[in-house]
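# Coordinate inspection notes
For reference, the chains in residue letters:
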Amino acid sequence: MVNGGKGGSSGLVQRSPTTPRTLATATFAISLGVHTGLLPGWWFVWAPRFLWMFPPQIWRFATAFLITGPNLGLLFDTYFLYSYLSQLEIGNPRFPRKEDLIWYLMFVGGTIMLQTINYLTGFGFVTFLQALVVAICYTVTQDQRGMKVSYMFITIPAQLMPYAMILINLLFPGGVMNMLLQAQGLVAGHLFEFLTRVWPEYGGGSNLIPTPAFLSTVVQATGAAQGRAAGAGGARPADQASGRTTGASRGPLPDSWRARGPGQRLG
């Protein structure tokens with residue numbers, strides 16, 4: 001549905017989109033369970049009162065961004081999340097490290113949840129995935145100015161894509177509420193763009209929200225732990241390894257037969 005992704009960028013290390021794949025899989029699985037009744041939706045939606053319980057249900061900060069709309073929303077929301085997040089992780093020089101992408105998600109997600117429209121107006125949104133998708137789309141398309149994308153069988157300038165995603169809601173029942181929710185994502189994406197690019201480049205300042213150092217430490221420690229676990233899981237007994245090195249394992253007989261010692265000739 002969407003064309004016109006940014007071309008290959010020289011100098012960028014191509015990485016497997018592990019973060020987008022993980023989030024898209026979790027989104028599809030949780031949403032499918034909720035919409036089919038296999039999982040109770042109130043376990044995952046945003047409800048601040050549960051944060052004051054003991055123990056506090058802090059997972060809601062994340063799961064509120066992992067529930068799609070029903071019906072076709074299950075497919076389209078998951079697709080857009082994976083597509084645009086992949087473009088940030090493997091094709092955008094502004095996010096060279098995994099912790100940079102994680103910090104981006106934390107910032108725009110927190111901005112979406114803290115915007116006054118959600119509380120002072122009393123709308124009380126309980127899921128925020130559509131707002132997050134619009135925020136990511138806005139960030140991606142800022143680097144695609146001058147390019148064209150296709151959306152709903154029409155071709156538009158790339159930077160207009162997030163606005164088209166918001167306006168398309170006018171064609172569906174209840175679309176106005178979705179527009180208000182997605183507008184929060186547009187504000188969050190624009191705020192990130194202003195603080196990290198517009199102000200440093202045109203205002204003579206510096207990046208006001210750099211990736212925290214502690215997040216780099218956490219990501220590196222997690223990666224090191226996963227590497228050690230993978231190494232331990234892939235270890236083989238020394239005798240097997242030495243057998244392959246010395247050639248002792250060669251021959252047509254099974255290992256269990258060769259381990260029985262020298263044979264005795266009969267007759």
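Since the structure is predicted, the reported quantities are computational estimates derived from the model, not experimental observations. (Residues numbered from 1 in each chain as written. Predicted model: local features only at pLDDT ≥ 70, side-chain atom pairs only at ≥ 80, totals over all residues. Heavy atoms only, no water.)

A count of helical and extended segments in the chain gives ten helices and two strands. Listed by position from the N terminus, the elements making up the chain come as α-α-α-α-α-β-β-α-α-α-α-α. By the burial criterion, 38% of the 267 residues in the chain qualify as buried. Relative to all contacts within the chain whose residues are 6 or more apart in sequence, the contacts with residues 24 or more apart total 66%. (Helix = DSSP H or I, 4+ residues; strand = E, 2+ residues; numbered from the N terminus. Buried < 20%, exposed > 50% of the residue type's maximum accessible area, 1.4 Å probe, protein only. Contact = heavy atoms within 4.5 Å.)

Among the nonpolar cores identified, the biggest contains 41 residues, and Tyr 104, Phe 128, Ile 136 and Met 161 are the most heavily contacted of them. Every element with two or more residues in this core is listed here: α3 (73-91), α4 (98-114), α5 (129-141), β1 (148-151), α6 (161-167) and α7 (175-202). With near-sequence residues (within four places) excluded, Tyr 104 lies in contact with Leu 88, Phe 95, Ala 135, Ile 136, Thr 139 and Phe 192. Within the second largest apolar cluster, six residues are counted, among which are Ile 30, Val 34, Phe 44 and Ile 67. (Core = buried A, V, L, I, M, F, W, Y, C linked by side-chain atoms within 4.5 Å.)

Moving on to α7. The axis of α7 is deflected most strongly, by about 45 degrees, at Phe 194. Following α7 by one or two positions, Gly 204 adopts a phi angle in the positive range, close to 75 degrees. (Bend = angle between axes of the 7 residues up to and from the residue.)

Here four bridges tie β1 to strand β2 (residues 154-157), and the two strands are oriented antiparallel to one another. Looking at β2, one finds that Tyr 151 is bridged to Ile 154. Where β1 folds back on β2, the antiparallel hairpin that results is connected by two residues, among which Met 152 adopts a positive phi of roughly 55 degrees. (Pairing = 2+ DSSP bridges.)

Our next topic: the pattern of salt bridges. Enumeration over the complete set of coordinates arrives at five salt bridges. Arg 97 serves as the salt-bridge partner of Glu 99, at 3.4 Å between the closest nitrogen and oxygen. One salt bridge connects Arg 197 with Asp 143, and the closest N-O pair in it is separated by 2.7 Å. Of this pair, Arg 197 sits in helix α7 while Asp 143 sits in the loop between α5 and β1, and the two are 54 residues apart along the sequence. Exposure remark for Arg 197: the relative accessible area of 18% places this residue in the buried category. The structure contains a network of salt bridges with shared partners spanning Arg 94, Asp 143, Glu 193 and Arg 197. (Salt bridge = Lys/Arg side-chain N within 4 Å of Asp/Glu carboxyl O.)

In this section: the packing of aromatic side chains. If you walk through the whole model with that rule in mind, you get 13 aromatic pairs. Ring geometry for Trp 43 versus Phe 44: centroids 6.3 Å apart, planes at 65 degrees, classification edge-to-face. Stacked on the ring of Phe 50, the Lys or Arg Arg 60 has its end atom at 4.2 Å from the ring centre. (Phe/Tyr/Trp six-rings, centres within 6.5 Å; stacked < 30°, edge-to-face > 60°. Lys NZ or Arg CZ within 6 Å of the ring centre and 35° of its normal.)

That bond from Phe 54 to Pro 55 is cis: its omega, -5 degrees, falls within 30 degrees of zero. By the secondary structure assignment, Pro 55 is in the loop between α1 (18-35) and α2 (60-63). A positive phi angle is found at Asn 71, which is not glycine, with a value near 55 degrees. Inspection of the secondary structure assignment puts Asn 71 in the loop between α2 and α3.

A grouping of Phe 28, Leu 32, Leu 72, Leu 75 and Phe 76 is seen on the molecular surface, where their side chains present a nonpolar patch of about 440 Å² in accessible area. Considering the arrangement of structural elements, one finds Phe 28 in helix α1. Residue class for Phe 28 comes out partly exposed when judged on its relative accessible area of 32%. (Patch = residues over 30% accessible without salt bridge, like charges linked within 9 Å, V, L, I, M, F, W, Y side chains within 5 Å. Areas by Shrake-Rupley, 256 points an atom, 1.4 Å probe, with all protein chains shown as cover.)

Bringing the UniProt feature "transmembrane region" (unreviewed entry) in the chain into the picture now. UniProt tags residues 23-46, 58-80, 123-141 and 153-172 as "transmembrane region" (unreviewed entry). The span residues 23-46 is 54% helical and 0% strand by assignment, and the distance between its end C-alpha atoms comes to 18 Å. With 52% helix and 0% strand, the stretch residues 58-80 has end C-alpha atoms that lie 26 Å from each other. (UniProt positions renumbered as here; feature names shortened; annotations may be inferred.)

In contact at an axis separation of 9 Å, α4 and α7 are set at 130 degrees when each is read in the N-to-C sense. The pairing of α4 with α7 is recorded here as oblique in orientation. For α4 against α7, the interelement crossing comes out right-handed. Contacts between α4 and α7 pair Tyr 104, Phe 107, Val 108, Thr 111 and Ile 112 from the former with Gln 184, Gly 185, Ala 188, Leu 191, Phe 192 and Leu 195 from the latter. Taken together, the residues that form the contact of α4 with α7 break down as eight nonpolar, three polar and no charged. (Axes fitted to C-alpha atoms, helices over the stretch in contact; angles between N-to-C directions. Parallel < 35°, antiparallel > 145°, perpendicular 65-115°, else oblique. Left-handed = near helix turned anticlockwise from the far one by under 90°. Nonpolar A, V, L, I, M, F, W, Y, C, P; charged D, E, K, R; others polar.)

In this section: the environment of Gln 184. Along the polypeptide, Gln 184 turns up in helix α7. Here the alpha-carbon distance between Gln 184 and Met 113, two residues 71 residues apart in the chain, equals 8.5 Å. Among the polar contacts listed, one links the side chain of Gln 184 to the backbone oxygen of Ile 112, at a separation of 2.8 Å. (Polar contact = N/O pair within 3.5 Å; in protein donor to acceptor, adjacent residues only side chain to side chain.)

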